Every structure is written in C-alpha cells, then in structure tokens.
Amino acid sequence: MTSHTSADTFPRQYARTLRYTVGAPRSFSVAPDGSRVVFLRSRSGRDRANLLWTLDTATGEERVVADPATLLGGGEEDLSPAEKARRERSREGSAGIVGYALDAAGTLAAFALSGRLFTADTVTGATAELPAEGPLLDPRPSPDGSCVAYANTAGELRLTRTDGSGDRVLAEPDGPNVTWGQAEFIAQEEMDRDRGFWWSPEGDRLLVERADDSPVGRWWIADPANPDREPAEVAYPKAGAANAEVGLWLLDLHGGRTEVVWDRGAHPYLGRVHWSKGGVPLLLVQTRDQRGQRILGLDVATGATEVLHEEKDGTWLELFPGSPAWTPDGKLVRISDTEEVREAPQKGGSGRREGVRALVIGGRAVTGADLHVRSVVAVTEDEVFFSASGGTEETDPEPGWVAVGRISHDGTRLSWESSNGRPFTSVTSAVHGGGITVRATAEPDLPGTLVQVARDLPEGLAVDDVATVASYAETPVITARPVFRFAGERRIPAAVFLPTGYDRERDGLLPVLMDPYGGPGGQRVYQAHNPHLQSQWFADQGFAVIVADGRGTPGRGPAWEKSIAFDFAGATLDDQVAALQALAGEFPLDLDRVAIRGWSYGGYLAALAVLRRPDVFHTAVAGAPVTDWELYDTHYTERYLGDPAERPEVYAANSLSGYAAGLERPLMIIHGLADDNVVAAHTLRLSSALLAAGRPHTVLPLSGVTHMTPQEEVAENLLLLQVDFVKRSLGI
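What comes next concerns the included structure. Residue positions are given per chain, counted from 1 along the sequence in the order it is written. Given that this is a predicted model, residues contribute local features only at a pLDDT of at least 70 and side-chain atom pairs are listed and counted only at 80 or more, while totals for whole chains, interfaces and linings are drawn from all residues. Note that water and hydrogens are dropped before the side-chain values are worked out from all heavy atoms of the structure.

This brings us to the pairing of strand 38 (residues 492–497). Think of it in three bands: residues with accessible area under 20% of the maximum for their type are buried, residues over 50% are exposed, and the middle band is partly exposed, with areas taken using a 1.4 Å probe on protein chains only. Put simply, DSSP marks the helices as runs of H or I at least four residues long and the strands as runs of E at least two long, and each gets a number from the N terminus on. Taken across its 6 residues, strand 38 has 6 buried, putting it largely inside the fold. Sheet topology note: the strand 37 (residues 483–487)/strand 38 ladder contains 5 bridges and is antiparallel. In the strand pairing of strand 38, alanine 487 is matched with isoleucine 492. What sits between strand 37 and strand 38 in their antiparallel hairpin is a turn of 4 residues, with glycine 488 showing a positive phi close to 75 degrees. Between any two strands, pairing holds if DSSP finds at least two bridges. With 4 bridges joining them, strand 38 and strand 40 (residues 544–548) adopt antiparallel strand pairing.

Structure below.
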C-alpha cells in the first residue's frame, strides 16, 4: 500500500480513493497453461486509470501490457452515454481499462477505451487499435483470437478481424428500440448479468441476445440546475409494468441465424448463459414472479431447448454467480435451495435442514447445512471451487466470514483456500485456472486485501505460493476496530464501533448511530477491515456505531433471506430495533439518543425508522431512499413484494408516504437528481406528503449526482453534513 498526504482527512481520502479501491489489483484471469495471471491496476492510489498487467507465475514478475495514456496519446477519455450507463449499473467508478476479455489461450486481450477497440498480446506486450464502428461496448475475442465481436451504441453486433483486414456487421437493429449483444437494464441492474453475447468454444458462432425495450415505459431525468439541457430518456421497467422483450439467437460468422426457442411467455427472464467446451449451452430462465426456473440445454443445430432441471419455490429463487455449469465429464453443477442435503462430510454430518443452500453436482448435494453456498468459482476435472459462508448452525464463532472451498465431485474431499490458515475469520475470493489459484483475502485487523498467487500441488501437500500481487492502494488514515457479535435471540449479525481511545469510566454512555443497509443483496457485516472504515469514522465523531445485518440480508441461509417476503417494513426494521436493544446490554449505548443513517435501501430503512418507531429512533439521514415501491424496477421489487396489481395493500404498507403524518423526529433526505436507479421522484413524493401533513423536514438535492455519488467533493461533504445534522438533532 502507498502512503497518504499529511493534509488528508478521512472523508476526502475515502472519496478520492473510491473507498480505497484505487490502486488495488482487480479483475484477475489465469491463462489456461498457468503461465501468467492477467489483471487490472492503476499506477497509484491517486490515479483512477487502470492499466492491463500480467504476472509471470514462474518468476513472480509483473509487467504492464497496456497503458491507456499511451494508447490514447495522452488524451482524455470520452465515454458514450451507453458506456456511462453500463458503469452506473455495475457501480464502476474507476477509469482507463475497466474491463477486458481474453481468447481461449489467454494470449489476446480485447478492451474498449473511449469507445474505441484495442487489443494487447499478454505475452509480448504488443498493442493495436482495430477498426470498429463505435462507440463500442464489451469487445470479446473469438477463442482462436482471429477476430473480436463487439456491440455498439447503434444497437449492432459487429465483428472485426484482429489482423486489421475488415470490420462487418453480424446483426443490426430491426426496430427503433432494438439492440443486439447487450444485456438489458434489468439484467445489468438486478440479475448480475452484464453480458449480451457468448462465443462458442469452437469460435464458429455466437449466442446473441436481442432486446427490444419498446414496451418499456419512458422516464425523463432532467437536470434542474441546467434548464437549457434536454432531459435524458430512460426506459425504466417499473414494478407491475412491461419489461424489455428478450430473445436469444445463434449467429454463425457467415450470416446464418437461428432463433433459440423456449417458452418466453412463461419464463421471460434470461438469467444465465453458460457455454463451455465439450458441453451443450446452458440457459437459466425464470418466471416473472421468480418462483419457478428452468435450466435448459440448447441444440445448436435447431435452436430447440430441452428442460434439464426445473425448480420451484414458494417465495422466490435466487440467481448465483457461476451457476449453472458443466463438469468436464458432463455432470450439471448448480446451487439449490430445495435439495435434500446429505450428511456433510467436512464436519461429520449435520443432515437435512430446512432452508439450506447447497452445492449440487450431478443431482447430488455435496455440501451440508453448516455451509451457505454463495457462488461457483471454477470447475476442474476433479473439483468444484465455490464460495460459502456459515449456514444455519449456531457454531460460527463470529459472523461475516466468506471462504473459498474446493470439493471433489463426489463430495468426499473438501479443503479451503486461505492465506492466514483461518478461513472462517476472513473474507476470501478467488479465481482459478491452469492449476493456479489467485486468492484475495481481507481480515478485520489488516487494511486492504492481500492477493496471492498459488500453484496447485498433488493431494496431501501444502499449497505452493508463487507470488503476492502488489497493491498501490493508499493506507487509510484511520483504523477500523469492529467488534463482531450475534445480537439477540435471532442472532443478528452485527458489528459495533466505539470512538478511538474511548474510556467508559471517563466518557460514559455514547449517543448511538445505526448505520445499516439492512436489505436484500446488501451484506455489511464482514470479517474485513476496509468495509468498516466509514462506520469507524462516524464512531470517532463521538458515537457508538452499530451495523446490523437483519433478516433479508445475504449470507445466513435462504430462510433468513426469504423471511422478509411481502414485509420490508416489518422484518427489516424490527431487526434493527432488536439488535440495538440486545447490544445495549453489553456496550455503552445511550438509548435516549439514537440516530440512523443509510443509502439506497439503507436510506429507505432510515426514513422508515423515524416514521414508524420514533420511540426508538430520534433522528435520521436517508440517502437516495426508495419511498414508493411502485416506482422501483420489476425484477427486484416483484421478487420481494409481488405484483402491485395483485398486492396493492403490500405496496401501500411498505412505502413511506402513508406514514408521513407520523413524523416526529428530524429527518434529512439526500438525493442525486441524475439518479436513474432510484429516481429523485422518490424523495420529492415523500417530501410532498410530509409537507401536506405539516411535518418539517430537510431535503438536500444533489445536482448532477447519480446513485453512486462518485464526485470527490460531494462525497466528502456529504459525510460532514450528515454528522453535523445528526449532532444538532441529538443536541450534541
């Protein structure tokens, strides 16, 4: 890690470094022969522009392969609106090379800069700009590296040869709102699928998404600070309304085109596509209510599909990274909430347990109730690499660990990837290929993330560490000191932060700041250091800060996640109250001075807290809150609350405006006016309801700011303004 300047304050450093991610290595790939690791990293913790690097696994030597400054001739990046939207969907705040794709040998890398197409040879370091009709999106080389396919802002899917001999269209829009090769809004925002086309392993054809968002309602995002500018048009599929029409086509390189056929009326959501060497392509499709899904095998000759597995759930079904997939010998690998779990081999057996999320290989669950499987990392000849956290057992010493395990296809042999020898007291992610594992490990008492490259050794021998990938991220100016607990009877995962140097005898009880996300998809309590720095900074302003992951948050088992069905406002708020009251028995909490703050779902939860429980919460700061769930998108909202036409009472009970007359406490609402995820209408509608009820409140509009608030000065001052508002409201 690099040092910081003496003039740095935490808010400025935190904002400038994008939460200490600038300068940290990321986006790892391993060449199939294990000879090199490819990754992205900027030159320092003050430079947001990522370069493409390689690491030689024989020597540990790192080398720059592609430098954006050189390729662009020192010019500034020029991003198209479509690329800006893609980055917003993926919460990407860095610059330079933000993504790349490799050919099958891991030799040719393709990437976009300023909407132009570039390639780099990861062995020789040679770079080239290829002819392309841009601005382009998501370039991906063919397996043999002879050409690159890419989408562009005109809605086309095109192909250019890497020898520079030609660029041509493979598919072009057949309607004004049609795109080829691009993931639609819902896939990017809610399904964790940002790809819209996939090469065949042989490189002779592609699976390509065709999306038509003509049925989707149009919203208009204006910039009130610049009334001379036209509003931006956004196709936004709000809950209960139409989605984009999504289909899939097989395109060969000579103009042949075959439509992929499945019952899109019954299963309109295309959740996953997997096409690996030696296996038929796999599609995972979901029903609109997400209570049913099918894994389909595709006949590439006819476009017909066959149901390989069907799954149903009374509440909803999740989508998981890396699932489904094939083993090399043709076993289906998936993650399931509904399988009977066998005796778990790694802990002597724990039997079937309701709500277990298991890894399933070839129709057989190979993990037990003591593990909550989160993703499939890689599939090898003999093993499946997967990530997991604690299951429903009450044996975990502390909450928030995530580990990467490797298990044999028959489930009889399990081991863990760990840099510290304690996989259950850290957060580890990994990439595997060519007999090489790149693992990134974060621990609560160490800033940043340690990235190590390890070589697989024969069974029974220790893992052979090859190298450590350098990080240029800045060292934080403060140190986080989380104290982890399972709070109360429901054992709510929580982290508690006290001011640095706090002395109970001298300082007495502390005002409390609840700092949750607290909702679906947003785990905050991790066995890591950097994710807790902002909470520690708030504590250092004189608060006892509590981060509680109540029901609905990931990592505790499907029953925990799904217990919030049709009840955001009850379950998630009740658990914040329960955690607060339980922790007051151990920590110096002044329950007469309790504040709550949050962003996005956390903003919703903060506003909800002072509206419904003013007896517990005395002030709130709500950032970019969803206040009316009928204004949020289809895939997310309908998963948890159902169809608004069928359950209007659920939407009314979980939205905020109906509680406006009950506001008794100070409330600040913050919203970026350029936010196209949670649009500013949410805040304006709540503010109007509060005004109509005669309830004073504060609204802070942020001109030109999206849901991410990446601007350094804005992000810094937002932290300072929140502390000032909370202190004044609590009389501190």
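A separate point is helix 8 (residues 568–583). Helix length check: helix 8, at 16 residues, gives a terminal C-alpha distance of 23 Å against a target of 22 Å (1.5 Å per residue), a fit within 8%. A large share of helix 8 lies buried, amounting to 12 of its 16 residues. Buried within helix 8 are the following residues: Phe568, Ala569, Gly570, Ala571, Thr572, Leu573, Asp575, Gln576, Val577, Ala579, Leu580 and Leu583. Expected helix span is taken as 1.5 Å per residue step, with the number of steps being one fewer than the number of residues.

Using only the protein atoms, space was sampled on a 1 Å grid; points where a 1.4 Å probe fits but cannot get out form cavities, open sets with protein on both sides within 12 Å along at least five of seven lines form pockets, and lining residues are those with an atom within 4 Å of a point. Grid points are joined across faces, edges and corners, and a volume is the space filled by probe spheres set on the points. One pass over the full model with this rule turns up 5 cavities of 30 Å³ or more. By volume, the second largest cavity is sized at about 70 Å³. Considering the residues around the second largest cavity, the lining is formed by Leu284, Gln293, Ile295, Glu311, Glu318, Leu319, Phe320, Ser323, Arg334 and Ile335. Those elements that provide at least two residues to the lining of the second largest cavity are strand 23 (292–298) and strand 26 (332–336). In the scheme used here, Gly and all other residues not listed as nonpolar or charged are polar, with Ala, Val, Leu, Ile, Met, Phe, Trp, Tyr, Cys and Pro taken as nonpolar and Asp, Glu, Lys and Arg as charged. Along the lines of polarity and charge, the residues of the lining of the second largest cavity split into 5 nonpolar, 2 polar and 3 charged.

Right, let's get into the sheet that holds strand 24 (residues 305–312). Taken in spatial order, the 4 strands of this open sheet run 21-22-23-24, and their pairing is antiparallel. The two strands at the open ends of the sheet, each matched to only one other strand, are strand 21 (269–274) and strand 24. Each strand of the sheet is rotated relative to its neighbour by a mean of 20 degrees, with strand direction disregarded. Strand direction decides the pairing type here: strand 22 (residues 282–286) and strand 23, joined by 5 bridges, are antiparallel. For helices, the fitted line uses only the C-alpha atoms of the stretch in contact; every axis is such a line through C-alpha atoms, and the angle between N-to-C directions lies from 0 to 180 degrees.

Turning our eyes to something else, we now look at the pattern of salt bridges. The term salt bridge refers to a side-chain nitrogen of Lys or Arg lying within 4 Å of a carboxyl oxygen of Asp or Glu. For the structure on display, the rule yields 41 salt bridges. Residues glutamate 638 and arginine 288 are paired through a salt bridge, measuring 2.7 Å at the closest nitrogen-oxygen approach. Of this pair, glutamate 638 sits in helix 10 (residues 634–641) while arginine 288 sits in the loop between strand 22 and strand 23, placing them 350 residues apart in sequence. Overall, glutamate 638 belongs to the buried group, its relative accessible area being 6%. Across the pair glutamate 383 and arginine 413 runs a salt bridge, and its minimum N-O distance is 3.9 Å. Note that glutamate 383 is positioned in strand 30 (residues 383–390) and arginine 413 in the loop between strand 31 (403–408) and strand 32 (414–417), a separation of 30 residues in sequence. Its relative accessible area of 11% is what places glutamate 383 among the buried residues. Assessed through its relative accessible area of 31%, arginine 413 is described here as partly exposed. One network of salt bridges, in which partners are shared, links Glu383, Arg406, Arg413, Glu417, Arg439 and Asp456.

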